[in-house]
Amino acid sequence: MVNFDTLESAREFFYKDKFAVNIGITLDELTENEAICSLEVTDDHKNAYGGVMGGVIFTLADFAFAVLSNQIHQLTVAQQVDIHYLSAPKGNKLIAKATCRKSGRTSSIVNVDVSDDSGRDIAQFIGTGFKL
């Protein structure tokens, strides 16, 4: 079941997520089984060493997870998530692609691959959503 009939209706709903929106995350694409979100990296996203903070990468992945989970079944909340950081970003943009691995009666499993605009794999996020 698709919960958002258009990309704009999904954007309108998820742009109430002020933290994600205020750090610059955008919802770029949404289908029945996939969500793509992105973030232009600025100095505000960097740590003392000049790298992108892990929390920024996590937030982008978590937002993509939330969008797709609630596209599959609204209302879904995170029950358990796991992230593996693979490489430091080298590009100027981060892209999170969420795909549904399994949608069951009470839960869903969503994989989120985060890359940068140079094609570098940045993180792998796996989330279990609990369907309310």
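Everything that follows concerns the structure shown earlier in this document.
Just so it is clear, the structure is predicted and the values come from calculations on it, not from any experiment.

As for its position among the elements, Val 41 is in the loop between β2 (34-40) and α3 (54-72). For Val 41, a relative accessible area of 18% gives the class buried. Considered as a pair, Val 41 and Ser 103 are 62 residues apart in the sequence and their alpha carbons are 32 Å apart. Not counting residues up to four positions away in its chain, the partners in contact with Val 41 are Lys 46, Val 52, Asn 92, Lys 93 and Leu 94.

Let us look at unusual backbone geometry. For the peptide bond that leads from Gln 74 to Leu 75, omega is 20 degrees, which places it in the cis range. Among the structural elements, Leu 75 can be located in the loop between α3 and β3 (76-85).

So, about the sheet that holds strand β6 (residues 121-131). Spatially, the six strands line up as an open sheet ordered β1-β2-β4-β5-β6-β3, and their pairing is antiparallel. In this open sheet, the two edge strands, each paired with only one partner strand, are β1 (26-30) and β3. Taken pair by pair, the neighbouring strands of this sheet meet at an average axis angle of 20 degrees, ignoring direction. Examined bridge by bridge, β3 and β6 share nine bridges and lie antiparallel to one another. Paired with Val 77 across the two strands is Phe 130, which belongs to β6.

The rules we used
Residue numbering note: each chain is counted from 1, following its sequence as written. With the structure being a predicted model, the display of local features is reserved for residues of pLDDT at least 70 and the display and counting of side-chain atom pairs for 80 or more, all residues being used for whole-chain, interface and lining totals. Note that water and hydrogens are dropped before the side-chain values are worked out from all heavy atoms of the structure. Helix and strand assignments come from DSSP, with helices taken as H or I runs of at least 4 residues and strands as E runs of at least 2, each series counted from the N terminus. Only protein chains enter the accessibility calculation, which uses a 1.4 Å probe. A residue is then buried if its area is under 20% of the maximum for its type, exposed if over 50%, and partly exposed in between. Residue contacts are defined here by distance: any two heavy atoms, one from each residue, within 4.5 Å place the two residues in contact. One bridge is not enough; two strands pair if DSSP finds at least two bridges between them. Each axis is a line fitted through C-alpha atoms, and for a helix only the stretch in contact is used; angles between axes span 0 to 180 degrees, taken between their N-to-C directions.

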